[in-house]
Amino acid sequence: MPITELVRVYLPATVPMLTALRASGQLGDGAVEAHAVTPALREWYAEGDEEELEYVAFTRAAQGALRLLRHDPAAPRRRVVVSADVPATALMRENVELGSSAVRLPEPVTLAEVAAIHVDGADAAEPVAAAAEVIEEALAGDPDAQFTLDSAEDHELEWYAVSELDELI
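1. Regarding the nonpolar core
Among the nonpolar cores identified, the biggest contains 24 residues, and Val 9, Leu 11, Leu 18, Val 80, Val 82, Val 109 and Ile 117 are the most heavily contacted of them. Mapped onto this core, the elements with two or more residues apiece are strand S1 (6-13), helix H1 (15-24), strand S3 (32-35), strand S4 (80-87), strand S6 (102-105), strand S8 (114-119) and helix H6 (165-168). In contact with Val 82, other than residues within four places in its own chain, are Val 9, Tyr 10, Leu 11, Ala 13, Leu 18, Leu 27, Val 114 and Ala 116. Leu 66, Leu 69, Ala 124 and Ile 135 belong to the second largest nonpolar core, which has twelve residues in total.

Here is the structure:
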């Protein structure tokens, strides 16, 4: 039986999405957007080692979580990133632009594929709420919005084992 190569992906999420993950055993209900170390990211960040590249992909997923929060005003103001190990053959590159970490998974990620869950601590709620309001402007280059985004990114997401999912929700 051949060994399937696994790739670590980082999925933007929200606390209500974690609740859905626990209830259904999967994250997403169709194709899922994620971030990973892609060839385009490696080429763009040629000097970076694997850990630095993983951090870039993780940070972009955290920014994706801010976008999700912007569109879900009822969700707690905490960024969530779900790390998962999926078969390399399942990844579809979303954007081949130099430096892109965007990928698409054709199917939802199962709870069994989840490696870890990362969630903002309660102390990050205020800066995360402010950053969620201006994430698009920050990514478009607005310096004031970037300052607000940086304030949220100063807060490291806390690491949780998959077995702690019940306590998180």
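2. Digging into the packing of helix H4 (residues 125-139) against helix H5 (residues 143-153)
Their axes nearest at 8 Å, the elements H4 and H5 cross at an angle of 140 degrees. When the interaxial angle is binned, H4 and H5 end up oblique. As for how H4 packs across H5, the hand of that crossing is left-handed. Taken together, the residues of H5 that come into contact with H4 (itself represented by Pro 127, Val 128, Ala 130, Ala 131, Val 134, Ile 135, Glu 137 and Ala 138) are Ala 145, Gln 146, Thr 148, Leu 149, Ser 151 and Ala 152. Looking at the contact of H4 with H5, its residues break down into ten nonpolar, three polar and one charged.

3. Some words on the packing of aromatic side chains
The final tally for this structure, using the stated rule, is two aromatic pairs. Ring plane angle 85 degrees and centroid distance 5.7 Å describe the contact between Tyr 10 and Phe 58, whose orientation is recorded as edge-to-face. Remark: Phe 58 occurs in helix H3 (residues 50-70) and Tyr 10 occurs in strand S1; sequence separation between them is 48 residues. Across this residue pair, the class does not change: Tyr 10 and Phe 58 are buried. Ring centres 5.5 Å apart and planes at 70 degrees place the aromatic pair Trp 44 and Tyr 45 in the edge-to-face group.

Definitions and cut-offs
Residues numbered from 1 in each chain as written. Predicted model: local features only at pLDDT ≥ 70, side-chain atom pairs only at ≥ 80, totals over all residues. Heavy atoms only, no water. Core = buried A, V, L, I, M, F, W, Y, C linked by side-chain atoms within 4.5 Å. Buried < 20%, exposed > 50% of the residue type's maximum accessible area, 1.4 Å probe, protein only. Helix = DSSP H or I, 4+ residues; strand = E, 2+ residues; numbered from the N terminus. Contact = heavy atoms within 4.5 Å. Axes fitted to C-alpha atoms, helices over the stretch in contact; angles between N-to-C directions. Parallel < 35°, antiparallel > 145°, perpendicular 65-115°, else oblique. Left-handed = near helix turned anticlockwise from the far one by under 90°. Nonpolar A, V, L, I, M, F, W, Y, C, P; charged D, E, K, R; others polar. Phe/Tyr/Trp six-rings, centres within 6.5 Å; stacked < 30°, edge-to-face > 60°.

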